[in-house]
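Inside the fold
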Amino acid sequence: MAGYIKVIAGEMFSGKSTELARLVERALIAGLPVQVLVPAFSHRGSVRDVDGRLAALPGQWSIVPVPDGAAERLDQLVDPGALVLAVDEAQFFDAHLVDYCRRWRAEGRQVLVAGLDMDYREQPFGAMGELMCIANEVVKVHAVCTRCRQADAFISHRLSDESVQVVVGEHNYTALCCDCYQAETARGAKPGRDPSRWDTLEATP
Ligand SMILES: [Zn+2]
């Protein structure tokens, strides 16, 4: 089997983990041994989602929590027999992940990587930028903007006031398109994810 790296990138609520689960399911149906790698401190639903979607499927697969996203430990954690390696929440892994993905591809494995492309400040998140560069294929998936409810979203807009890069919890973010992000950033509004609140703020002069 020819090695391959596919990156699925996008903002929160864009369906990255769902797409990853679909690709894993496809591999399992073909009888390929799969290992799913997730950072152990990720509290998002993605691990459970992947688990729940795949639990009923036949085939060899396992989920490996990687403590603190420390990719340097992957030597001990990755099954040499796994022909498909699926990495979820890749933005939380350290930079060693890039070299591991290259190595796995050179070994002839299929590498599937899902993660946030940008943090809430429009900066590349973790090693995602490099991973997108070295990938054979990059797919960007998008949520619908929760403010205008028309355009594709492009960023996870933080609703809380913390300024550190990582604040875990879906309730702390909403997906916005470029225009709405500019508008909200300029205004500094934190309206929450309830769409009815956007209209209220819209009407405020
Ligand atoms: Zn919008």
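Preceding block: the structure.
Here the structure is a predicted model, which is why all the values come from computation and not from measurement.

Another aspect to go through is the pairing of strand β1 (residues 4-10). Judged by how many residues are buried, β1 sits mostly within the fold: six of seven residues are covered. Note: β1 against strand β5 (residues 110-116), seven bridges, orientation parallel. Its bridge partner lying in β5, Ile8 is registered against Ala114. Alignment of β1 against strand β6 (residues 137-141), held across five bridges, turns out to be parallel. Looking across to β6, one finds that Lys6 is bridged to Glu137.

A few words now on the nonpolar core. One finds Leu37, Leu74, Leu97, Cys101, Trp104, Val113 and Leu131 to be the most contacted residues of the largest nonpolar core, which totals 26 residues. Contributing elements (two or more residues each) for this core: β1, β3 (61-66), β4 (84-87), α4 (96-106), β5 and α5 (128-134). Examining the composition of this core, we find that five residues originate from one element, α4, more than from any other. Cys101 has contacts with Ile5, Val111, Val113, Leu131 and Ile134, leaving out every residue within four places of it along the chain. Counting residues in each nonpolar core, the second largest holds 15 residues, with Leu23, Leu28, Val38 and Val141 among its members.

One pass over the structure, following the stated rule, counts seven salt bridges. Across the salt bridge formed by Arg22 and Glu19, the nearest N and O atoms sit 2.9 Å from each other. Linking Arg22 with Glu19, this pair stays in helix α1 (residues 16-29), spanning three residues, or about one helical turn. Of the charged contacts, one joins Arg102 and Asp99 as a salt bridge, the two residues approaching to 2.7 Å between their closest N and O atoms. Linking Arg102 with Asp99, this pair stays in helix α4, spanning three residues, or about one helical turn.

In total, this model carries three aromatic pairs according to the counting rule given. When the centroid spacing of 5.8 Å and the interplanar angle of 90° are considered together, the rings of Phe92 and Phe125 count as edge-to-face. In this pair, Phe92 is assigned in the loop between β4 and α4 and Phe125 in the loop between β5 and α5, connecting sequence segments 33 residues apart. Each member of the pair, Phe92 together with Phe125, is buried. Plain terms: the ring middles of Tyr100 and Trp104 are 5.7 Å apart, the flat faces sit at 45° to each other, and that makes the pair tilted.

What follows is about the environment of His157. Tracing the backbone through its elements, the reader meets His157 in strand β7 (residues 155-158). Put simply, His157 and Tyr173 are 16 residues apart on the chain and 5.3 Å apart in space, counted from C-alpha to C-alpha.

On to the coordination of the zinc ion. Metal coordination angles have textbook ideals: 109.5 degrees for a tetrahedral set of four donors and 90 or 180 degrees for an octahedral set of six. Within the protein, Cys145 (SG), Cys148 (SG), Cys177 (SG) and Cys180 (SG) serve as the donor atoms for the zinc ion, at 2.3 to 2.4 Å. Coordination geometry of the zinc ion: the four donor atoms subtend angles of 101 to 116° at the metal centre, consistent with an arrangement described as tetrahedral. Between consecutive donors of the zinc ion, the numbers of intervening residues give the motif C-x2-C-x28-C-x2-C. The exposure class assigned to Cys145 is buried, which follows from its relative accessible area of 1%. Here Cys148 falls in the partly exposed class, since its relative accessible area comes to 28%.

Rules used in this analysis
Residues numbered from 1 in each chain as written. Predicted model: local features only at pLDDT ≥ 70, side-chain atom pairs only at ≥ 80, totals over all residues. Heavy atoms only, no water. Buried < 20%, exposed > 50% of the residue type's maximum accessible area, 1.4 Å probe, protein only. Helix = DSSP H or I, 4+ residues; strand = E, 2+ residues; numbered from the N terminus. Pairing = 2+ DSSP bridges. Core = buried A, V, L, I, M, F, W, Y, C linked by side-chain atoms within 4.5 Å. Contact = heavy atoms within 4.5 Å. Salt bridge = Lys/Arg side-chain N within 4 Å of Asp/Glu carboxyl O. Phe/Tyr/Trp six-rings, centres within 6.5 Å; stacked < 30°, edge-to-face > 60°. Donors = N, O, S within 2.8 Å, 3.2 Å for Na, K, Ca; no water. Tetrahedral: all angles 85-135°; square planar, octahedral: opposite > 155°, others 65-115°.

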